[in-house]
Amino acid sequence: MILSPSLLSADFSRLAEELAALEAAGISWLHLDVMDGAFVPNITFGQPVIKSLRRCSEKLFFDVHLMIEDPARYLASFRDAGADMLVIHAETDRHPQRTLSEIRRLGMKAGLAFNPGTDPAPLRWLAPDLDMVLVMSVNPGFSGQRFIPQSVAKISAARALLDEAGAGHVLIQVDGGACPENTAQLVAAGADVLVSGSAFFNHPPYAACHQRFLSAARTAADSAHLARCTAAAQWQPGRALKK
Ligand code: DX5
Ligand code: ZN
């Protein structure tokens, strides 16, 4: 399992120190929640902040979750800011196949997110254009919300759709209400990457908290899960910028 801490729950007055502390705790991914106040009822940060964070860390893989309307308008600017992966929402884009292939053409990994009320059936057709599927386990907009229990069945359904499409290598990420206590259940259902905001940043020290997530995941990991995580560990941060 890969843990991707959500910056939304970090201390915004000392982000450089937070990134250094994550690296020291053995964290390899950073989840960046971009919100536009239109698709979701909250506004966070955009390309300038991500660009400054990129200068603080060459090691962290920047997993950028775009909760914005019509994300295709901004793909190159997020790449130029330092994004390694862009995850768009199925609900925000009328032409997701085009946008996902454009994300890859720009040198980034491509992900597609589904809100709790959205059917993941389009995965049947979009799987070849994907590196990751994001199953939202809360309605997006805020950290610290309660995990929606039916998300577990949604993860299994997404995993089955990917397998049927011959895309068993595609990662599944789960975002919202993840914690060490539900990690085994999420991994057993088919999750590979867990996003954590409040359950991670509110429970320092970070290295010990990271280990709690990892030990819980280990009890549920099968060989396919381990193979997907090993492959993703090769994804190079900053690759889109170096090109
Ligand atoms: C919610 C965001 C999440 C959030 C997760 O809209 O996409 O990434 O920060 O926070 P927790 O883990 O506290 O639910
Ligand atoms: Zn998120």
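This text goes with the structure placed above it.
Residues numbered from 1 in each chain as written. Chains lettered and ligands numbered in written order. Predicted model: local features only at pLDDT ≥ 70, side-chain atom pairs only at ≥ 80, totals over all residues. Heavy atoms only, no water.

Novice: Lay out the overall build of the chain in plain terms, naming residues and giving numbers.
Specialist: Each helix and strand counted, the chain has eleven helices and eight strands in total. Its C-alpha atoms give the chain a radius of gyration of 16 Å, within 12% of the compact-globule value 18 Å for 243 residues. If you line up the chain on its principal axes, its C-alpha atoms span 45 × 40 × 35 Å. Relative to its full complement of 243 residues, the chain shows a buried share of 56%. Summarising the internal contacts of the chain: among those between residues at least 6 apart in sequence, 67% fall at separations of at least 24. For the chain, the computed accessible surface area is about 10300 Å², with 53% contributed by carbon and sulfur atoms. Within the chain, one finds 22 positive and 24 negative side-chain charges whose respective centroids are separated by 5 Å. (Helix = DSSP H or I, 4+ residues; strand = E, 2+ residues; numbered from the N terminus. Rg over C-alpha atoms; globule rule 2.2 N^0.38 Å. Buried < 20%, exposed > 50% of the residue type's maximum accessible area, 1.4 Å probe, protein only. Contact = heavy atoms within 4.5 Å. Areas by Shrake-Rupley, 256 points an atom, 1.4 Å probe, with all protein chains shown as cover. Lys, Arg positive; Asp, Glu negative; His and termini not counted. Charge placed at Lys NZ, Arg CZ, Asp CG, Glu CD.)

Novice: I'd like a rundown of the pairing of strand S6 (residues 132-136), residues and numbers included.
Specialist: Side-chain positions along a regular strand alternate between the two faces of the sheet. For S6, the tally of buried residues reaches five of five residues, placing the bulk of the element in the interior. Across the two faces of S6 the burial is the same, with Met 132, Leu 134 and Met 136 and Val 133 and Val 135 all buried. Where strand S5 (residues 109-114) meets S6, four bridges bridge the pair, whose relative direction is parallel. Looking at S6, one finds that Leu 112 is bridged to Val 133. Taken together, the five bridges between S6 and strand S7 (residues 171-175) define a ladder with parallel strand orientation. (Pairing = 2+ DSSP bridges.)

Novice: For the site of ligand 1, give the residues involved together with the corresponding values.
Specialist: Every one of the 19 residues lining ligand 1 counts as a neighbour, but Asp 33, Gly 141, Asp 175, Gly 197 and Ser 198 are closest to it. In the environment of ligand 1, an oxygen atom lies 2.8 Å from a nitrogen or oxygen atom belonging to the backbone of Gly 144. In this structure, Gly 177 approaches ligand 1 through a main-chain N or O atom, which is 2.8 Å from an oxygen atom. Its free accessible area being 380 Å², ligand 1 has 100% of it covered by the protein chains. Residue contributions to the shell around ligand 1 peak at three residues, all from strand S2 (residues 29-35). Its residues assigned to classes, the shell around ligand 1 shows six nonpolar, eleven polar and two charged. (Near = heavy atom within 4 Å. Polar contact = N/O pair within 3.5 Å; in protein donor to acceptor, adjacent residues only side chain to side chain. Nonpolar A, V, L, I, M, F, W, Y, C, P; charged D, E, K, R; others polar.)

Novice: Lay out the sheet that holds strand S4 (residues 85-89) with the relevant residues and their values.
Specialist: A sheet is described by the order of its strands in space; here eight strands give the open sequence S1-S8-S7-S6-S5-S4-S3-S2, paired in parallel fashion. The sheet terminates laterally at strand S1 (2-5) and S2, the two strands that pair on one side only. This sheet shows a mean twist of 25° between the axes of neighbouring strands, independent of strand direction. (Axes fitted to C-alpha atoms, helices over the stretch in contact; angles between N-to-C directions.)

Novice: Explain helix H7 (residues 180-189) to me, and be specific about the residues and the numbers.
Specialist: Among the residues making up H7, those that are buried are Pro 180, Asn 182, Thr 183, Leu 186, Val 187 and Ala 189. Taken around the axis of H7, the buried residues stretch over an arc of 150°, which confines them to a single face. Turned more than 90 degrees away from the buried face of H7 sit Glu 181 and Ala 188, all of them exposed. Packing partners of the buried residues in H7 comprise helix H6 (151-164), S7, strand S8 (193-196), helix H9 (206-218) and helix H10 (223-232). Once H7 ends, the next one or two residues include Gly 190, with phi positive near 130°. (Arc of directions from axis to C-beta.)

Novice: Run through the packing of H6 against H7, naming residues and quoting values.
Specialist: The interhelical angle for the contact between H6 and H7, taken along N-to-C directions, is 25°, at an axis separation of 8 Å. Classified by the interaxial angle, the pair formed by H6 and H7 is roughly parallel. Contacts from Val 152, Ile 155, Ser 156 and Arg 159 in H6 reach Gln 185, Leu 186 and Ala 189 in H7. Among the residues forming the contact of H6 with H7, the class breakdown is four nonpolar, two polar and one charged. (Parallel < 35°, antiparallel > 145°, perpendicular 65-115°, else oblique.)

Novice: Go over the coordination of the zinc ion (ligand 2) with me, naming the residues and quoting the values.
Specialist: Coordination of the zinc ion (ligand 2) by the protein comes from His 31 (NE2), Asp 33 (OD), His 65 (ND1) and Asp 175 (OD), over a distance range of 2.0 to 2.3 Å. One can describe the donor arrangement at the zinc ion (ligand 2) as octahedral, given that its six donor atoms subtend angles of 69 to 170° at the metal. Each donor residue of the zinc ion (ligand 2) belongs to the same chain, and together they define the spacing H-x1-D-x31-H-x109-D. Of this pair, His 31 sits in strand S2 while His 65 sits in strand S3 (residues 61-67), and the two are 34 residues apart along the sequence. Comparing His 31 with His 65, the two get one shared label, buried. (Donors = N, O, S within 2.8 Å, 3.2 Å for Na, K, Ca; no water. Tetrahedral: all angles 85-135°; square planar, octahedral: opposite > 155°, others 65-115°.)

These figures capture arrangement, not role.
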